[in-house]
Amino acid sequence: MAVIHRTTMSPGKLELLAAWMPSKPWYRGGDAPLLAKAGGFRLDDPAGEVGIEFMVVTDTSGDSPVTYQVPMTYRGMPLASAADGLIGTSEHGVLGRRWIYDGTHDVVLVEQLLALLAGRTTAQDQNTSDSPDPTVEVRTEGSGVPQGLTGPGTVTESAEASLVTVGPPAAEGPVSTLTVYRVLRPGPAPEGDGAAGRVLADWSDPDGARQHGPFAHLAAFER
């Protein structure tokens, strides 16, 4: 169970993201993002070592507000395999220095997102310890999400999403694609794209209205 500490981080999450996001191909705002937290949820690391958060932020620096999803992990030590996904470091008031990564590059977040899609774990409230988040919706389609998938392999950024390759534990065999939406849009999940599982969740728009839409999906696994 992840414990939510009521403390400070310096620099704060939004400050780190404002410096990092303009370099990403899916970012479509101004040179200096104006970010506000808009929602999100957490997943637990079974080992209790890594913080996992799916943060939603809205940027108002462009011509119109855009809402983004940034999955992040918080670690007490650097993770060499995720070096390309380092967002920055921050001093946590309780835990000390934390290395903060774009979670699509972090094996712990990817495997727990796969576990969520497969129904083996439950989304947790973003701000309260040991509290499931009932607004997070998981849909299984077709034959469902295969067991034993691992990742990440390669991570490819598009104008809308991050595409993460995942596959079976063996080095050989077919792989699948985990799509993590970066630009969030309210509405139902797309149809006819061959997804084996989907995650949808809530966020708030700048006027405070609740929105609900796709956060991630796993492409059908080809055998």
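Quick notes on the rules
Residues numbered from 1 in each chain as written. Predicted model: local features only at pLDDT ≥ 70, side-chain atom pairs only at ≥ 80, totals over all residues. Heavy atoms only, no water. Helix = DSSP H or I, 4+ residues; strand = E, 2+ residues; numbered from the N terminus. Rg over C-alpha atoms; globule rule 2.2 N^0.38 Å. Buried < 20%, exposed > 50% of the residue type's maximum accessible area, 1.4 Å probe, protein only. Areas by Shrake-Rupley, 256 points an atom, 1.4 Å probe, with all protein chains shown as cover. Pairing = 2+ DSSP bridges. Axes fitted to C-alpha atoms, helices over the stretch in contact; angles between N-to-C directions. Phe/Tyr/Trp six-rings, centres within 6.5 Å; stacked < 30°, edge-to-face > 60°. Lys, Arg positive; Asp, Glu negative; His and termini not counted. Salt bridge = Lys/Arg side-chain N within 4 Å of Asp/Glu carboxyl O. Polar contact = N/O pair within 3.5 Å; in protein donor to acceptor, adjacent residues only side chain to side chain. Contact = heavy atoms within 4.5 Å. Core = buried A, V, L, I, M, F, W, Y, C linked by side-chain atoms within 4.5 Å.

1. As for the overall build of the protein chain
Link 1 in the chain: Looking only at helices and strands, the protein chain has two helices and 12 strands in total.
Link 2 in the chain: Mapped in sequence order, the helices and strands of the protein chain form the string β-α-β-β-β-β-β-α-β-β-β-β-β-β.
Link 3 in the chain: Relative to the 2.2 N^0.38 estimate, which gives 17 Å for 223 residues, the radius of gyration of the protein chain is 17 Å and therefore close to what a compact globule would have.
Link 4 in the chain: Its C-alpha atoms give the protein chain principal-axis dimensions of roughly 45 × 40 × 35 Å.
Link 5 in the chain: Looking at the protein chain residue by residue over its 223 residues, the buried ones come to 47%.
Link 6 in the chain: If you sum the accessible surface of the protein chain, you get close to 10,300 Å²; carbon and sulfur atoms cover 51% of it.

2. Examining the sheet that holds strand β8 (residues 155-157)
Link 1 in the chain: Taken together, six strands build an open sheet; the order of strands is β7-β11-β12-β10-β9-β8 and the sheet is antiparallel. On the outer flanks of this sheet lie β7 (137-140) and β8, each paired with one strand and no other. Going from strand to strand, the sheet's axes swing by 20° on average, the running direction of each strand aside.
Link 2 in the chain: In terms of strand pairing, strand β9 (residues 161-166) meets strand β10 (residues 176-181) through six bridges, oriented antiparallel. From the neighbouring strand, Ala161 faces β10, where its bridge partner is Tyr181.

3. Examining unusual backbone geometry
Leaving glycine aside, a negative phi is the common case for residues, and trans is the common case for peptide bonds.
Link 1 in the chain: Cis rather than trans, the peptide bond between Gly151 and Pro152 has omega equal to 0°.
Link 2 in the chain: Positive phi, close to 55°, is recorded for Asp130, a residue that is not glycine.
Link 3 in the chain: Along the chain, the position of Asp130 falls in the loop between α2 (107-117) and β7.

4. Thoughts on the packing of aromatic side chains
Link 1 in the chain: Under the counting rule described, the total for this entry stands at six aromatic pairs.
Link 2 in the chain: Each residue in the set Trp20, Trp26, Tyr27 and Tyr68 is aromatic and connected to the rest through ring pairs, giving one cluster.

5. A word on the side chain of Asp133
Link 1 in the chain: Positionally, Asp133 belongs in the loop between α2 and β7.
Link 2 in the chain: No salt bridge is formed by the buried Asp133, whose closest oppositely charged neighbour, Arg210, lies at an N-O distance of 6.8 Å.
Link 3 in the chain: Polar side-chain contacts of Asp133 include one of 2.7 Å to the side chain of Thr135.
Link 4 in the chain: Excluding its chain neighbours within four sequence positions, the residues that come into contact with Asp133 are Gly40, Phe41, Ala123, Gln124 and Asp125.

6. Focus on the nonpolar core
Looking at soluble globular proteins, one finds that nonpolar side chains tend to be buried together.
Link 1 in the chain: Within the largest apolar cluster, 31 residues are counted, with the highest numbers of intra-cluster contacts made by Phe41, Leu113, Val166, Leu178, Val199, Phe215 and Leu218.
Link 2 in the chain: Sorting the residues of this core by element identifies β2 (35-43), β3 (51-59), α2, β9, β10, β11 (195-204) and β12 (210-219) as the ones contributing at least two each.
Link 3 in the chain: Looking at this core element by element, the count peaks at seven residues for α2.
Link 4 in the chain: Not counting residues within four places of it along the chain, the set of residues in contact with Val199 comprises Phe41, Leu113, Leu116, Leu117, Val136, Glu137, Val138, Gly213, Pro214, Phe215 and Ala216.
Link 5 in the chain: Counting residues in hydrophobic clusters, the runner-up holds 17 residues, among them Met21, Val66, Tyr68 and Ile100.

7. Points about the side chain of Glu53
Link 1 in the chain: Its location among the elements puts Glu53 in strand β3.
Link 2 in the chain: Separated by 2.5 Å, the side chains of Glu53 and Tyr74 make a polar contact.
Link 3 in the chain: Leaving out residues up to four positions away in the same chain, Glu53 has contacts with Lys13, Phe41, Arg42, Val70, Pro71, Met72, Tyr74 and Gln126.

8. Points about α2
Link 1 in the chain: Counting buried positions along α2 yields nine of 11 residues, so the element is predominantly enclosed.
Link 2 in the chain: For α2, the complete set of buried residues consists of Val108, Leu109, Val110, Gln112, Leu113, Leu114, Ala115, Leu116 and Leu117.
Link 3 in the chain: Measuring from the side-chain oxygen of the N-cap residue of α2 to the backbone nitrogen of Val108 gives 3.0 Å; that N-cap residue is Asp106.
Link 4 in the chain: Gly119 sits one or two residues past α2 and shows a positive phi near 80°.

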